[in-house]
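Listed below, chain by chain, are the residues.
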Amino acid sequence: MVILNLSYVTLPSHLKLCFLHLCLFSEDHVISTRKLLSLWVAQGFVQKQGNTQRMKDTANEYLNQLISRNLVQAVRLSVNKRVMECRVHDFVRKLAIEKAKEENFISADSPSTSTATSYLCSTKFRWQSIYSGFDRYASMEHSSSSCLGSLLSSKAVLPDGGISSVRFICQSFKRLRVLDLEGSSEFLQTLDTNNLKRVPKEICSIKNLGDLCIEGQKECKLIRVDKLKNLQNLSGIRFDQWRWNNPSKLSTCLEKLKFQGRFKIKGVDLSNSISKLRNLRSLYLKASDGIPLLVMNTWDRLSKLDIKGPMPKLPEAPQFPPRLMQLTLEGTKLDDDPMPTLEQLPQLSTLRLRENWDIGDKMRVSPKGFNKLNF
């Protein structure tokens, strides 16, 4: 423990914040790097920069520094050696909890007893973590003026699909920037409502919301995400929900967009709406019933495109986004060999062909094709 303590003491201040924050996660918990970096950015641990992606890249550098100091363990790496999942060793986590409590930084206790419950409700902590019993926590009285900035709950079991819990949170914690109810989670600068029965309309009144994940909705209800003036990442909106929104109101902020569900929108309407998102860099299209032919050459800044679902025919090369660098095709069931088209994309550096994408045993690539592709 003495050596670990020395490792902590010698950390720069910005890494100390990130390290202490890790004790919010339960023992032996495998942490998604994507979620962790979003949390660090939302909490203000990363100095503001030009865009969210740049800040997440900086946050990723912070994580790598903690890994190099043996304070965090890498669990899973991507093909390009990027850390996808990580965790904290039990001894390291105990140190983090000890230091966090010394500084009134974090409460990471289970409200399984009345003492622990009282401890959790104290307003002196900016971050709190609950490992069970969120429904009990949500039934207590909390001061709306609490300084609480982050609330994480592991394995939360939420009544009525989590709808009342989200409403409770929006009303009770005015300064909350991060809420994560694992299995139904929320960041109030980054909000992940994964697998809620339906998305409460109160979400669209959260002014600072920058990241919103609404994947796994059980009911498709109207949601006006165009009211969120700071929204940068939107994941899991259905195609028919998108029709109710004015993309022009998100034109300068939205950088990443992920669609899911049935393709209940005209292809030309979707193409035109995406073209109004002048800052969009990443787009994910997932449609179980198929994706029609889309004209994408007006998607000026798009550099990453994922397509998952039947798409019998690809657009011609000139109809692709002019700055496209990463393309993923999954389950497209193409009728023809896509290589004569894809090899002409001038900026394409990464091409992923996943399950059930193929058109047979043979593909033809010309000697001068794929000028920038990384092999």
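Residues numbered from 1 in each chain as written. Predicted model: local features only at pLDDT ≥ 70, side-chain atom pairs only at ≥ 80, totals over all residues. Heavy atoms only, no water.

### Details of the overall build of the chain
Moving on, step 1. Helix and strand content of the chain: 11 helices and 15 strands.
Moving on, step 2. Relative to its 375 residues, the chain shows a buried fraction of 51%.
Moving on, step 3. Sequence-distant contacts in the chain: of pairs separated by 6 or more residues, those separated by 24 or more amount to 43%.
Moving on, step 4. Total accessible area on the chain is roughly 18,000 Å²; 47% of this is exposed by carbon and sulfur atoms. (Helix = DSSP H or I, 4+ residues; strand = E, 2+ residues; numbered from the N terminus. Buried < 20%, exposed > 50% of the residue type's maximum accessible area, 1.4 Å probe, protein only. Contact = heavy atoms within 4.5 Å. Areas by Shrake-Rupley, 256 points an atom, 1.4 Å probe, with all protein chains shown as cover.)

### Things to note about the pattern of salt bridges
Moving on, step 1. A complete count under the given rule lists seven salt bridges for this structure.
Moving on, step 2. With a closest N to O distance of 3.8 Å, Arg-82 and Asp-57 form a salt bridge. Of this pair, Arg-82 sits in the loop between strand E2 (73–77) and strand E3 (83–87) while Asp-57 sits in helix H4 (residues 52–68), placing them 25 residues apart in sequence.
Moving on, step 3. Since its relative accessible area comes to 34%, Arg-82 is described here as partly exposed.
Moving on, step 4. Its salt-bridge partner being Asp-300, residue Arg-278 comes within 2.6 Å of it at the nearest N-O pair. Residue Arg-278 is found in the loop between helix H10 (267–275) and strand E12 (282–286), and its partner Asp-300 is found in the loop between E12 and strand E13 (304–308); the two are separated by 22 residues along the sequence.
Moving on, step 5. Asp-300 gets classed as partly exposed once you look at its relative accessible area, which sits at 31%. (Salt bridge = Lys/Arg side-chain N within 4 Å of Asp/Glu carboxyl O.)

### Some points on the nonpolar core
Moving on, step 1. Counting 50 residues, the largest nonpolar core has Leu-234, Trp-242, Leu-257, Phe-259, Leu-270 and Leu-283 as its most contacted members.
Moving on, step 2. Secondary-structure elements contributing two or more residues to this core are strand E10 (233–238), helix H9 (239–242), strand E11 (256–260), H10, E12, E13, strand E14 (326–330) and helix H11 (339–342).
Moving on, step 3. Excluding its chain neighbours within four sequence positions, the residues that come into contact with Trp-242 are Leu-234, Ile-237, Pro-247, Leu-250, Leu-254, Leu-257, Phe-259, Ile-265, Leu-270, Ser-273 and Leu-277. (Core = buried A, V, L, I, M, F, W, Y, C linked by side-chain atoms within 4.5 Å.)

### Examining the side chain of Ser-38
Moving on, step 1. Tracing the sequence through the fold places Ser-38 in helix H3 (residues 33–43).
Moving on, step 2. You can call Ser-38 buried: its relative accessible area is 4%.
Moving on, step 3. One polar contact links the side chain of Ser-38 to the main-chain carbonyl oxygen of Arg-34, over a distance of 3.1 Å. (Polar contact = N/O pair within 3.5 Å; in protein donor to acceptor, adjacent residues only side chain to side chain.)

### Concerning the packing of aromatic side chains
Moving on, step 1. Under the counting rule described, the total for this entry stands at four aromatic pairs.
Moving on, step 2. Centre to centre, the rings of Phe-239 and Phe-259 are 5.0 Å apart; their planes meet at 10 degrees, and the pair counts as stacked. Taken together, the residues span a long stretch of sequence, with Phe-239 in helix H9 and Phe-259 in strand E11 at a distance of 20 residues.
Moving on, step 3. Note on Phe-259: relative accessible area 0%, which makes it buried.
Moving on, step 4. Residues Trp-242 and Phe-259 carry aromatic rings whose centres are separated by 5.4 Å and whose planes lie at 90 degrees to one another, so their mutual orientation is edge-to-face. (Phe/Tyr/Trp six-rings, centres within 6.5 Å; stacked < 30°, edge-to-face > 60°.)

### Details of H10
Moving on, step 1. Listed in full, the buried residues belonging to H10 are Gly-267, Leu-270, Ser-271, Ser-273, Ile-274 and Ser-275.
Moving on, step 2. Contact partners of the buried residues in H10: H9, E11 and E12.

### Quick word on the sheet that holds E3
Moving on, step 1. Sheet architecture is open: three strands sit in the order E1-E3-E2, paired in antiparallel fashion. Sheet topology places strand E1 (31–32) and E2 at the edges, where each strand pairs with a single neighbour.
Moving on, step 2. As defined by bridge partners, E2 adjoins E3 across four bridges and the pair is classed as antiparallel. Its bridge partner lying in E3, Ala-74 is registered against Cys-86. (Pairing = 2+ DSSP bridges.)

### Focus on the environment of Cys-213
Moving on, step 1. Relative to the assigned elements, Cys-213 resides in strand E9 (residues 211–213).
Moving on, step 2. Overall, Cys-213 belongs to the buried group, its relative accessible area being 10%.
Moving on, step 3. With 23 residues separating them in the primary sequence, Cys-213 and Gly-236 have C-alpha atoms 6.0 Å apart.

### A few points about unusual backbone geometry
Moving on, step 1. In the Ramachandran plot, Asp-28 falls in the positive-phi region, its phi being about 65 degrees despite a non-glycine side chain.
Moving on, step 2. Along the polypeptide, Asp-28 turns up in the loop between helix H2 (13–21) and E1.
Moving on, step 3. Even without being glycine, Asn-70 reaches a positive phi, approximately 65 degrees.
Moving on, step 4. With respect to the helices and strands, Asn-70 occurs in the loop between H4 and E2.

### Looking at the environment of Trp-242
Moving on, step 1. Tracing the sequence through the fold places Trp-242 in helix H9.
Moving on, step 2. In the structure, Trp-242 is positioned 23 residues away from Ile-265 in sequence and 8.7 Å away in space, judged by C-alpha atoms.

### Here's the deal with the pairing of E12
Moving on, step 1. Bridge analysis of E11 against E12 gives four bridges, and the strand direction is parallel. When the bridges of E12 are listed, Phe-259 appears paired with Leu-285.
Moving on, step 2. Taken together, E11, H10 and E12 constitute a β-α-β crossover, and its handedness is right-handed.
Moving on, step 3. Judged from the five bridges that link them, E12 and E13 form a sheet pairing that is parallel. Each bridged residue has a counterpart across the sheet, and for Tyr-284 the counterpart in E13 is Asp-306. (Right-handed = clockwise from strand over helix to strand, strands pointing away.)

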